[in-house]
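Geometric and topological summary
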Amino acid sequence: MEALDLLGSIRARRTVDLNHLRPDPIEPATLKSLLEAANWAPSHGKTEPWRFVVFTGEGRLMLAETLATSLALLKGQDQPESEMLRQQRERQLLAPAWIAVAVEPAEKPRMPFYEEQWAVACAVQTLMLAARSVGLASKWISNAPSLHPNTARALGFAETASMMGIIALGYIDGEWPVGERRPIADKVRWIERHDERASIEARG
Ligand SMILES: Cc1cc2nc3c(=O)[nH]c(=O)nc-3n(C[C@H](O)[C@H](O)[C@H](O)COP(=O)(O)O)c2cc1C
């Protein structure tokens, strides 16, 4: 399969439902190439605060157990009930690969935390675009268990790190979903004349 170019990948990337992924494994070399791409994201002060843990094969069960425990903690329980655990394992096995994403703010130079998060978001988008270019679908999940501090600790991220979610990856079963966006023209203003401020003020 020929890789999609950048603009093609940007337009064609879609969040894909876990039930629409094939179980086929993803080559480790392919996963590494996505992580290499993510590593080229920009960061203020060159802090490179993105951290990843990749789960494939049986490793996905470790992620499932961690998320089930975080879900239990959110519900005020110490341990997940067996049914909760079973459902979570089933869910993790729907995608052949998962990547847990955390932000680990740099000690020096210290940047505002939100800038470190923005940098990690850039890395995630870069990874998902690289995935799309080689025909892989993705889904960024940021639900409460995926963001829980227990998840960060149990997955071995640094004490100072916090979760930014988990990304499911897999080859699509069937057609790619059709994307929808409201027009860019509704979200942009162009300023081409020096006296534009006067017209903004006049508009109130
Ligand atoms: C920061 C972030 C967190 C997201 N978290 C979730 C999530 O928890 N569950 C989900 O179904 N989709 C999640 N998404 C995906 C969005 O639902 C999706 O991007 C949106 O519906 C647009 O669809 P598209 O990605 O196919 O263009 C997230 C996206 C972003 C950027």
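This text goes with the structure placed above it.
Now for a quick tour of the structure. (Residues numbered from 1 in each chain as written. Predicted model: local features only at pLDDT ≥ 70, side-chain atom pairs only at ≥ 80, totals over all residues. Heavy atoms only, no water.)

**Comments concerning the site of the ligand**
- R13, R14, T15, K139, W140, I141, S142, N143 and R181 make up every residue found near the ligand.
- W140 places a polar main-chain atom, nitrogen or oxygen, 3.1 Å from a nitrogen atom of the ligand.
- One of the side-chain nitrogen or oxygen atoms of R181 is found 2.7 Å away from an oxygen atom of the ligand.
- For the ligand, whose accessible area on its own is 620 Å², the fraction buried by protein is 53%.
- Split by residue class, the shell around the ligand holds two nonpolar, three polar and four charged. (Near = heavy atom within 4 Å. Polar contact = N/O pair within 3.5 Å; in protein donor to acceptor, adjacent residues only side chain to side chain. Areas by Shrake-Rupley, 256 points an atom, 1.4 Å probe, with all protein chains shown as cover. Nonpolar A, V, L, I, M, F, W, Y, C, P; charged D, E, K, R; others polar.)

**What about the side chain of E116?**
- When you line up the elements, E116 lands in helix α5 (residues 113-133).
- Of the side chains bearing the opposite charge, R51 lies closest to the buried E116, which forms no salt bridge; the N-O distance is 8.1 Å.
- The contact partners of E116, leaving out residues within four places of it in the chain, are T47, P49, V103, P105, A106 and M111. (Helix = DSSP H or I, 4+ residues; strand = E, 2+ residues; numbered from the N terminus. Buried < 20%, exposed > 50% of the residue type's maximum accessible area, 1.4 Å probe, protein only. Lys, Arg positive; Asp, Glu negative; His and termini not counted. Salt bridge = Lys/Arg side-chain N within 4 Å of Asp/Glu carboxyl O. Contact = heavy atoms within 4.5 Å.)

**With respect to the sheet that holds strand β1 (residues 50-56)**
- Taken together, the four strands give an open sheet; going across it, the order is β1-β2-β4-β3, and neighbouring strands pair in antiparallel fashion. Each edge of the open sheet carries a strand with a single partner, namely β1 and β3 (136-141). Strand-to-strand twist in this sheet, taken as the mean axis angle between neighbours without regard to direction, amounts to 20 degrees.
- Here seven bridges tie strand β2 (residues 97-103) to strand β4 (residues 162-171), and the two strands are oriented antiparallel to one another. (Pairing = 2+ DSSP bridges. Axes fitted to C-alpha atoms, helices over the stretch in contact; angles between N-to-C directions.)

**Details of the nonpolar core**
- The biggest cluster of nonpolar side chains holds 23 residues, and the ones touching the most others in it are L34, V101, V120, L127, I167 and L169.
- The set of elements that each furnish at least two residues to this core consists of α2 (28-38), β2, α5 and β4.
- At eight residues, the largest contribution of residues to this core is made by α5.
- Discounting chain neighbours no more than four positions away, the residues touching L127 are L34, L35, A38, I99, I167 and L169. (Core = buried A, V, L, I, M, F, W, Y, C linked by side-chain atoms within 4.5 Å.)

**Structural notes on the environment of M164**
- As for its placement among the helices and strands, M164 is situated in strand β4.
- Relative accessible area serves as the criterion here: at 12%, M164 is assigned to the buried category.
- In this structure, the C-alpha to C-alpha distance between M164 and A64, residues 100 residues apart in sequence, is 17 Å.
- Setting aside residues no more than four positions away along its own chain, M164 makes contact with V101, A102, V103, Q117, V120, A121, W140 and L147.

**Brief notes about the pairing of β4**
- By the criterion of burial, β4 is predominantly enclosed, with eight of the 10 residues buried.
- The pairing of β3 with β4 spans six bridges and is antiparallel. When the sheet's bridge partners are listed, I141 is paired in β4 with I166.

**Points about the environment of T56**
- One can find T56 in strand β1.
- T56 sits 42 residues away from W98 along the chain, and the two C-alpha atoms are 6.7 Å apart.
- Once you skip the residues sitting within four places of it in the chain, T56 turns out to touch L31, P96 and A97.

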